[in-house]
Amino acid sequence: MEPRNQTSVTEFLLLGFSQASVYQPLLFGLFLSMYLVTVLGNLLIILAISSDSHLHTPMYFFLSNLSFADISFVSTTVPKMLVNIQTQSKSITYAGCITQMYFFMVFGGLDTFLLTVMAYDRFVAICHPLHYPVIMNPRLCGLLVLMSWLISLSYSLIQSLLILRLSFCTNWVIPHFYCELAKALTLACSDTLVNHILLYMVTSLLGIVPFSGILFSYTRIASSILRIPTANGKYKAFSTCASHLSVVSLFYGTGLGVYLSSDASSWRGMIISVMYTMVTPMLNPFIYSLRNRDIKRALQNILGRTPYVQ
């Protein structure tokens, strides 16, 4: 059989959550609401940071990049899912599926690296406060974000190019609500050994290396906080990293749930995927704004309210 006949796939079918039409309006309203809250919340964080000169610091620079990555992350999957629900269609073009995979990997990886960079920023701020302005200078901050982008873009491009070389069989059904890489590889007729090796290597790299860096940073942070003599000093030190620690726990907790799920195509697996792809980006702005006086003050200024003075 010629490869040309095998690779004539023009579209994939995304099964999504439910085949019953009675649930489609409920799912559409739920996911549309979550998407709008995510985009609006993260846009407000970016606007608050850019408009308040007091927030032009490394921590908030990384946070604004994280908010942008979260907006982009949810925008790779949710709009297409909403269109499919509204039109009662499950199709996505071959090019659209590859494009969705590419940007999903880019912004998912970018989230991982930015959280690691933010953990390093909190480590320097708490463990080396006197040297913080020198270490976390604008040049280093820019380089850290640039490296995060370059690594994410490079891996995603390589993986996408490797997918383009594959031949696909007649089964083009992906049992998920977005084009998941691992599921798409199971549909290929040609050899996917190289794809799987790269997938496992990078998944381990993106999971183990950043998480180890975060764990090391917070181990050192906890050790430094415990050495602070006063309870008030310990509270102030912990409060500077509590929001980020909450986001890291939510991100890695749901992310690990996706990859450890025994059947990601089941309802349980897809609900865990929703937690990872939609709920986490939606909650991030609330976590940072509710636990951060500076962000709340900036948001109150944007919304036209007089910030309280404490």
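All chains use their own residue numbering, which begins from 1 and follows the written sequence. Local features in this predicted model are restricted to residues whose pLDDT is 70 or higher, and side-chain atom pairs enter the listing and the counts only when it is 80 or higher, whereas totals over whole chains, interfaces and linings include all residues. To obtain the side-chain values, all non-hydrogen atoms of the structure were included, while hydrogens and water were left out.

**Considering the overall build of the protein chain**
(1) Moving on: Under the scheme used here, helices are H or I runs from DSSP no shorter than 4 residues and strands are E runs no shorter than 2 residues, and both carry numbers assigned from the N terminus. For the protein chain, the count of helices and strands is 12 helices and three strands.
(2) Moving on: For each residue, the accessible area found with a 1.4 Å probe, counting protein chains only, is set against the maximum for its type, and the residue is called buried under 20%, exposed over 50%, and partly exposed in between. Out of the 310 residues belonging to the protein chain, those deemed buried represent 49%.
(3) Moving on: Sequence separation of at least 24 residues holds for 76% of the intrachain contacts in the protein chain that already meet a minimum separation of 6.
(4) Moving on: Note on areas: these come from Shrake-Rupley sampling with a 1.4 Å probe, and a residue is covered only by the protein chains present in the view. Summed over all atoms, the accessible surface of the protein chain reaches about 15700 Å², with 69% contributed by carbon and sulfur. Contact criterion: two residues are considered in contact whenever any of their non-hydrogen atoms come within 4.5 Å of each other.

**Concerning the state of the cysteines**
(1) Moving on: Whenever a pair of cysteine sulfur atoms sits within 2.5 Å, that pair is classed as a disulfide. Scanning the entire structure with this criterion turns up one disulfide.
(2) Moving on: The side chain of cysteine 97 participates in a disulfide bridge whose partner is cysteine 179; the two sulfur atoms lie 2.1 Å from each other. Measuring the twist about the S-S bond at about -130°, one finds the cysteine 97-cysteine 179 disulfide to be left-handed. You can see cysteine 97 sitting in helix H5 (residues 94-127) and its partner cysteine 179 sitting in the loop between strand S3 (173-174) and helix H8 (181-185), a full 82 residues away along the chain.
(3) Moving on: Given the relative accessible area of 1%, cysteine 179 is considered buried.

**Some details on the pattern of salt bridges**
(1) Moving on: For this analysis, a salt bridge means a side-chain nitrogen from Lys or Arg found within 4 Å of a carboxyl oxygen belonging to Asp or Glu. Inspection of the entire model under this criterion finds two salt bridges.
(2) Moving on: The closest approach of N and O atoms between arginine 122 and aspartate 121, which form a salt bridge, is 2.8 Å. Take arginine 122 and aspartate 121: they sit in the same class, and that class is buried.
(3) Moving on: We note a salt bridge from glutamate 180 to lysine 183, for which the minimum N-O separation is 3.6 Å. Accessibility assignment for this pair places glutamate 180 and lysine 183 in one class, buried.

Everything listed here is a matter of coordinates, which is why it stays silent on function.
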